[in-house]
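Structure at a glance
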Amino acid sequence: MPSEQLTIATAGRPLSAGAVALMLMLCLSWGFNQVAVKLALPDIPPILQATIRSAGALIVLMLIARLRGVKMFERDGTLVAGLFAGLIFGVEFVLIYRGLFLTSASRAAVFLYTAPFFVAFGSYIFLDERLRASQTMALIKAPAEKGLGYQVAVSIPILGFAAWIFGETLTRVPGPLALTLMVYQSIWVVGLTFLIWFALVKTYSASKLSAFTFITPLFGVVASYLILHDNLTPAFGAAALLVIAGLYLVNRPGPAVPAATDPLLNVTKT
């Protein structure tokens, strides 16, 4: 299928029940991740956690790619885009993990997941998600393993350097809880949930998928309240209703396209 037709199909495809279920699972996992970072802080400093997380995730990704026969080092025109994505990924997690050292997990979750606003705007500008799709990004062509591999691989030296700049070191051998939480962050959150996210983005609209991530801070705040005993205010209930309303507005079906002008008629159905 030509890349332009593929992007048209991706932009217009409604979310299936399976995609919705996967997004809810991803949001729950990502919401708890902020709590996992806070719980591991007594044993492992924040940016050092992120460095270990990326290193562990890279090993998982390489194993998955090998099992699935994905050629991670094949020249396919994605190098520049991949390196840029890795740079952004690394800087992003320097800021996220440092921020978790300075504030509560619930506040961090809320601020972090303003991201869908920027994703929706970027999808409109750069991916042209208006059922025309006149341009695409090189990582759209790459396998999910390779796209995420770029990000975690490039982030390792960035995060390691930032940890050194902030003077982070291990002052003691991490306990069982901290080690378990690092396995959760490395293998599950980065190694598997991000991989699932990349696969979904290649199949469905990036802006519609990102709308579901508004649920993540709700899970994050609840987990922070139940586990870390962060404050839970009445405003949270109002926020939950607004999130649900926003998800409906973003994902509600659009007007039917007349058959004579349906841009998907020439797209191979799968």
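Everything below is about the structure printed above this text.
These remarks concern the structure in this document. What you see is a predicted model, and the numbers here were worked out from it, not measured in a lab.

**Quick look at the overall build of the protein chain**
Helix and strand counts for the protein chain stand at 11 helices and 0 strands. Each helix and strand of the protein chain, ordered N terminal to C terminal, gives the series α-α-α-α-α-α-α-α-α-α-α. The 270 residues of the protein chain split such that 45% are buried. Here the contacts in the protein chain between residues at least 6 apart in sequence split such that 89% fall between residues at least 24 apart. As displayed, the protein chain offers around 14500 Å² of accessible surface, 72% of which is attributable to carbon and sulfur atoms.

**Observations concerning unusual backbone geometry**
Despite not being glycine, His229 shows a phi value in the positive range, around 65°. You can see His229 is positioned in the loop between helix H10 (215-228) and helix H11 (235-251).

**Details of the environment of Arg68**
Residue placement: Arg68 occurs in helix H3 (residues 46-68). Classification of Arg68 as exposed rests on a relative accessible area of 56%. Distance in space between the C-alpha atoms of Arg68 and Glu145 is 9.6 Å, their sequence separation being 77 residues.

**Let's talk about H3**
The end-to-end C-alpha separation of H3 is 33 Å, in line with the 33 Å expected for 23 residues at 1.5 Å each. Phi turns positive one or two residues past the end of H3, at Gly69, with a value near 75°.

**Thoughts on the nonpolar core**
Residues Met23, Phe194, Trp197 and Leu209 are the most contacted members of the largest nonpolar core, which totals 49 residues. If you list the elements that add at least two residues to this core, you get helix H2 (17-40), H3, helix H4 (79-102), helix H7 (144-165), helix H8 (176-201), helix H9 (206-212) and H10. The leading source of residues in this core is H8, at 12 residues. In contact with Phe194, other than residues within four places in its own chain, are Trp30, Arg53, Phe89, Phe93, Leu148 and Val189.

**Comments concerning the environment of Tyr150**
With respect to the helices and strands, the residue Tyr150 is situated in helix H7. Looking at Tyr150, the relative accessible area reads 14%, which means it is buried. In this structure the C-alpha to C-alpha distance between Tyr150 and Gly82, which are 68 residues apart in sequence, comes to 5.2 Å. Apart from residues lying up to four places away in sequence, Tyr150 is in contact with Asp76, Thr78, Leu79, Gly82, Leu83, Gly86 and Leu139.

**Things to note about a nonpolar patch on the surface**
A surface patch of nonpolar side chains, amounting to about 500 Å² of accessible area, comprises Phe84, Leu87, Ile88, Val91 and Leu95. Among the residues examined, Leu95 registers a relative accessible area of 61% and is labelled exposed.

**Here we look at the packing of aromatic side chains**
Enumeration over the complete set of coordinates arrives at 7 aromatic pairs. Consider the rings of Phe93 and Tyr97, whose centres lie 6.1 Å apart with planes at 50°: the pair is tilted. Within this pair, Phe93 and its partner Tyr97 are both found in helix H4, separated by 4 residues, close to a single helical turn. The class for Phe93 is buried, based on a relative accessible area of 8%. The class of Tyr97 is buried, set by a relative accessible area of 1%.

What counts as what
Residues numbered from 1 in each chain as written. Predicted model: local features only at pLDDT ≥ 70, side-chain atom pairs only at ≥ 80, totals over all residues. Heavy atoms only, no water. Helix = DSSP H or I, 4+ residues; strand = E, 2+ residues; numbered from the N terminus. Buried < 20%, exposed > 50% of the residue type's maximum accessible area, 1.4 Å probe, protein only. Contact = heavy atoms within 4.5 Å. Areas by Shrake-Rupley, 256 points an atom, 1.4 Å probe, with all protein chains shown as cover. Expected span 1.5 Å × (residues − 1). Core = buried A, V, L, I, M, F, W, Y, C linked by side-chain atoms within 4.5 Å. Patch = residues over 30% accessible without salt bridge, like charges linked within 9 Å, V, L, I, M, F, W, Y side chains within 5 Å. Salt bridge = Lys/Arg side-chain N within 4 Å of Asp/Glu carboxyl O. Phe/Tyr/Trp six-rings, centres within 6.5 Å; stacked < 30°, edge-to-face > 60°.

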